[in-house]
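Survey of secondary and tertiary structure
Chain residues, written in single-letter form:
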There are 2 protein chains.
Amino acid sequence: MTHSNPRLEQILHRLRERDFRLTPQRLAVLRILVESKEHPTVDQIYEQVRRDFPMVSRATIYKTANLLKSLGEALEVGVLDGRSRYDGNKPYPHPHVICTRCKKIIDFEGLPTTDLVREVIEKTGFQVETHQIDFFGTCPQCCEAEQN
Amino acid sequence: MTHSNPRLEQILHRLRERDFRLTPQRLAVLRILVESKEHPTVDQIYEQVRRDFPMVSRATIYKTANLLKSLGEALEVGVLDGRSRYDGNKPYPHPHVICTRCKKIIDFEGLPTTDLVREVIEKTGFQVETHQIDFFGTCPQCCEAEQN
DNA sequence: TTTCGTGCAAACATTTTGCAAAATC
DNA sequence: GATTTTGCAAAATGTTTGCACGAAA
């Protein structure tokens, strides 16, 4: 048995609280979502879960991802490439920096997002619930690769 | 004949420059993109163009939108609702504030995006090419409506 | 007259849905 | 045992593509 992850425990607790059932497939998806930093697509999660559960279907992955999103326990990240990516590590919104060449997505904590949100609320009167801040470009490794 | 729009003229100039042809359908799409502030979806553009050109097809709208995007003359805005929206007013990236209730999307200029981009470049080494900064929530009008 | 753009239909890709069987609680 | 979840297939949605015809330069 792998060692436990506090974030995973937290989600499991929330699920039990609301009388959602814990199936092996669901647990597998949860593990991937909380453990991976790669903001995986549904298909990537599917392929990984399939190693342990060859009969799993994509529908299950979609349903689990949507459940977690609706519970506020996973974040959907849109990268304008026609497929959704999910982040179960940090269920709060945070900026990403995305390499359009190698498709790598990294979290970027170094921005005063709280201040930005406050600014928007003050100036627009919106009741801001979430946000998405993403920067697109070429990562240092790919920049170098392009020189060749 | 409606009065001319400098932004439209600019795009027309760029098209001519690169030997793209000016068809009535294309012009209609261009007009809508530069004149509307609503960040319309392909379908919304299609319905509007169809009033003047009943035989127009969605493919033409898609092709025109993609052409403009590739020329850097229109911005694709992803709102995580599974369809793309386009902005031909300001071809440079800028923050949006989006009402998740009435789907309104407004531009928001009041953020130091240049500084944010510089910060990201400095701290990540990425060659940042574009960005997407969007805030989601409820607009003042919809907030009020929810009280009832 | 040459080349490009349009419109149609088919193809694709992603996500959602309905439902019977299986699993959880 | 009651109810939820799964897996499958079909459907729904959004977007792209191939191609013949028509239009722009």
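Identification of chain A as Fur family transcriptional regulator from Geoalkalibacter subterraneus is taken from an unreviewed UniProt entry. Recorded under Sequence similarities (unreviewed entry), the UniProt text for chain A is reproduced unchanged: "Belongs to the Fur family."

DNA strand D sits among 21 residues. The nearest are A:Arg21, A:Gln25, A:Arg26, B:Tyr62 and B:Arg83. Backbone atoms, meaning sugar and phosphate, make up 72% of the atoms of DNA strand D lying within 4 Å of the protein. Take A:Arg26: an N or O atom from its side chain is 2.8 Å from a phosphate oxygen of DNA strand D. At 3.2 Å from a sugar or linking oxygen of DNA strand D is found a main-chain nitrogen or oxygen belonging to B:Gly82. Elements represented by at least two residues in the surface near DNA strand D include exactly α2 (24-35) and α4 (58-70) of chain A together with α4 (58-70) of chain B. The leading source of residues in the surface near DNA strand D is α4(B), at four residues.

Now for the relation of the copies chain A and chain B. Rotating chain A by 179° about the axis while translating it 0.0 Å along that axis superimposes it on chain B, leaving an RMSD of 0.1 Å. Such a turn and shift between the copies fits a two-fold axis. Distance from the rotation axis, computed per C-alpha, reaches its smallest value in chain A at A:Ile133: 2.2 Å. The overlap is high: 100% of the interface residues of chain A also sit at the interface in chain B, so the same surface is used on both sides.

This brings us to the UniProt feature "binding site: Fe cation" (unreviewed entry) in chain A. Within this numbering scheme, the UniProt entry marks A:His131 as carrying the feature "binding site: Fe cation" (unreviewed entry). Residue position: A:His131 is located in strand β5 (residues 127-138).

One non-glycine residue, A:Asp19, adopts positive backbone phi at about 65°. Looking at where A:Asp19 falls in the secondary structure, it is placed in the loop between α1 (6-17) and α2.

The next subject is the nonpolar core. Generally speaking, a soluble globular protein has its nonpolar side chains buried in company with each other. By size, the foremost hydrophobic cluster in this structure holds 26 residues, and its most contacted members are A:Leu111, A:Val120, A:Phe135, B:Leu111, B:Val120 and B:Phe135. Elements with a minimum of two residues in this core: β3 (96-99), α5 (113-124) and β5 of chain A together with β3 (96-99), α5 (113-124) and β5 (127-138) of chain B. With near-sequence residues (within four places) excluded, A:Phe135 lies in contact with A:His96, A:Val97, A:Ile98, A:Leu111, B:Leu116, B:Val117, B:Val120, B:Val128, B:Thr130 and B:His131.

Let us look at the protein's contact with DNA strand C. Around DNA strand C, 21 residues are found, and the nearest of them are A:Arg21, A:Tyr62, A:Arg83, B:Arg21 and B:Arg26. Taking all atoms of DNA strand C within 4 Å of the protein, the share assigned to sugar and phosphate is 72%. Within the side chain of A:Arg21, a nitrogen or oxygen atom sits 2.4 Å from a base oxygen of DNA strand C. At 2.8 Å from a phosphate oxygen of DNA strand C is found a side-chain nitrogen or oxygen belonging to B:Thr23. For the surface near DNA strand C, the elements supplying multiple residues, two or more each, are α4 of chain A together with α2 (24-35) and α4 of chain B. Sort the elements by how many residues they give to the surface near DNA strand C and α4(A) lands first, with four residues.

Scanning all chains against the criterion turns up 22 salt bridges over all chains. Across the pair B:Glu73 and B:Arg7 runs a salt bridge, and its minimum N-O distance is 3.0 Å. Remark: B:Arg7 occurs in helix α1 (residues 6-17) and B:Glu73 occurs in the loop between α4 and β1 (75-78); sequence separation between them is 66 residues. Pair check on accessibility: B:Glu73 and B:Arg7 agree, each one buried. Close ionic contact of B:Glu119 with B:Lys123 constitutes a salt bridge, the shortest N to O distance being 2.9 Å. With B:Glu119 and B:Lys123 both in helix α5 and four residues apart, this pair spans about one turn of that helix. Through salt bridges with shared partners, one network takes in A:Arg7, A:Arg14 and A:Glu73.

Cut-off values and rules
Residues numbered from 1 in each chain as written. Chains lettered and ligands numbered in written order. Predicted model: local features only at pLDDT ≥ 70, side-chain atom pairs only at ≥ 80, totals over all residues. Heavy atoms only, no water. UniProt positions renumbered as here; feature names shortened; annotations may be inferred. Near = heavy atom within 4 Å. Polar contact = N/O pair within 3.5 Å; in protein donor to acceptor, adjacent residues only side chain to side chain. Helix = DSSP H or I, 4+ residues; strand = E, 2+ residues; numbered from the N terminus. Least-squares fit on C-alpha atoms with pLDDT ≥ 70 in both. Contact = heavy atoms within 4.5 Å. Core = buried A, V, L, I, M, F, W, Y, C linked by side-chain atoms within 4.5 Å. Buried < 20%, exposed > 50% of the residue type's maximum accessible area, 1.4 Å probe, protein only. Salt bridge = Lys/Arg side-chain N within 4 Å of Asp/Glu carboxyl O.

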